[in-house]
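# Understanding the architecture of this molecule
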Amino acid sequence: MIKFQDLKLINSRYDAEFKEAYKRFLNSGCYILGDEVGTFETAFANYCSTKYCIGTGNGLDALVLIFNAYKVLGKLKGGDEVIVPANTYIASILSVIHAGLKPVLVEPDESTFNISPIEIKKAITKKTKAILAVHLYGQLADMQAINSIAKANNLLVVEDAAQAHGAVANFNIQIPNSKAVKKESATNQSVLKAGNLSDAAGFSFYPSKNLGALGDGGAVTTNDDELAEIIGKLRNYGTSSKYVNDVIGYNSRLDELQATFLNIKLPMLDLDNAKRISIAKYYSESIKNSKIKLPKVACNLSHVFHQFVIRVTNRDDFQAYLKSNQVETLIHYPIPPHKQKALLPYKSLNLPITEAIHNTVISIPISPVMPQTEIEKIVELINAY
Ligand SMILES: *Cc1c(COP(=O)(O)O)cnc(C)c1O
């Protein structure tokens, strides 16, 4: 069976380092907000070219804390409208609701699956105060257009970067060439990367993400001094110094052990992304079947292929065919958020593009540890379908 993603194999590459690091962790006696979290925050801020990174308990909380910090700062208030893509993973929308704000669901561009700037413009009202841009499946949303709409309408822009660690905007290097990527990003301090394309970004380190921990984890990146300070407090009971509470806080800290693992994995992220990009390139060049619609890449390197999502009309049949040939696939996502029981008040929204996407997408395996033989077998099977 070709697994959709072999997390054990992905992490077994670090087996010796993880065991060594765990011993250090055990002996440190410091298990919450210790040196490993601090080290990771500095490293990930450097990686994203942002001034700050604040570790959080998970990706959902990273986004919730951003919105709540803006409320503390008086830049958002309860009931303000936040524009979000309708075809995202439900967490994006939940973050807005948990912060007491109102999500306004907007259709994507059908070719990139990312939120449509034209539709954003149509959805703006007097109550609109922010846009939550999601880099879906690993491809950057059209941040140039989104930021200019935001500027013209005095809106905040937040990125949901949970699927796009390391995606680079307008970066003029041919793929796949991981060495060139690394060299450039090390020398160019103002690299425009996921996490550095808006006012603040939320990341998730859920195990299956491009940078995944061995449990839950998340982070906020931002260049905003005030926001970073508030989020640093909010994630830890609103604490400014021990037992001094400045704001109504939460408990959502990046776990020290998860930070230990992330510190070991972060240096491999660009190489892993390059591997994903090269598999995607191979799929795109080799899959030739009129029944299959391939994903559109808007710009080199702006897509780090968290998922390789294709479209097929007769999806159930196609998925069963691959399964009977020992290939596991997943659907991201089978039910659109507005059709979920949890979001009942949104169920009669008219979102035909979103619904068509949810009815026809299917994700085929893509992972930095896939052997070439598996990649070739998948192409052969799809071409024979
Ligand atoms: C994974 C994910 C999240 C949530 O991250 P968690 O760490 O699971 O809370 C949010 N948004 C998107 C788009 C995601 O893929």
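Bear in mind that the values here come from a model prediction, so they are computed numbers and not experimental data.

## Some details on the packing of aromatic side chains
Under the criterion given, the structure shown has 15 aromatic pairs. Both rings, one in F44 and one in Y47, keep their centres 6.0 Å apart while their planes meet at 15 degrees; by these two values the pair is stacked. Of this pair, F44 and Y47 both sit in helix α3 (residues 35–48), three residues apart, which is roughly one turn of that helix. We note that F44, like Y47, is buried. Residues F318 and Y385 carry aromatic rings whose centres are separated by 5.0 Å and whose planes lie at 70 degrees to one another, so their mutual orientation is edge-to-face. Of this pair, F318 sits in helix α12 (residues 315–324) while Y385 sits in the segment after α14 (372–384), and the two are 67 residues apart along the sequence. Here F318 matches Y385 in class, with each residue buried. Directly above the aromatic system of Y47 lies the positively charged group of K193, at a separation of 3.4 Å from the ring centroid. The ring of Y385 carries the charged tip of K291 above its face, separated from the ring centre by 5.4 Å.

## Quick look at α14
The end-to-end C-alpha distance of α14, which contains 13 residues, comes to 18 Å, matching closely the 18 Å that a straight helix rising 1.5 Å per residue would cover. Taken together, the buried positions of α14 are occupied by I375, I378, V379, L381 and I382. Buried residues of α14 fall within an arc of 165 degrees about the axis and therefore sit on the same side. Of the exposed residues in α14, those oriented more than 90 degrees away from the buried face are T373, E380 and A384. Buried residues along α14 sit in contact with α11 (269–286), β10 (292–293), β11 (308–312), α12 and β12 (361–364).

## Here's the deal with the pairing of strand β7 (residues 218–222)
Within β7, five of the five residues are buried, which leaves the element mostly enclosed by the surrounding structure. Neither face of β7 is left uncovered, since the one carrying G218, V220 and T222 and the one carrying A219 and T221 both have all their residues buried. In the sheet, strand β1 (residues 52–56) pairs with β7 via five bridges, with the strands oriented antiparallel. The residue of β7 that forms the bridge with C53 is T221. The pairing of strand β6 (residues 200–204) with β7 spans five bridges and is antiparallel. Its bridge partner being in β7, A200 is matched across the sheet by T222.

What counts as what
Residues numbered from 1 in each chain as written. Predicted model: local features only at pLDDT ≥ 70, side-chain atom pairs only at ≥ 80, totals over all residues. Heavy atoms only, no water. Phe/Tyr/Trp six-rings, centres within 6.5 Å; stacked < 30°, edge-to-face > 60°. Helix = DSSP H or I, 4+ residues; strand = E, 2+ residues; numbered from the N terminus. Buried < 20%, exposed > 50% of the residue type's maximum accessible area, 1.4 Å probe, protein only. Lys NZ or Arg CZ within 6 Å of the ring centre and 35° of its normal. Expected span 1.5 Å × (residues − 1). Arc of directions from axis to C-beta. Contact = heavy atoms within 4.5 Å. Pairing = 2+ DSSP bridges.

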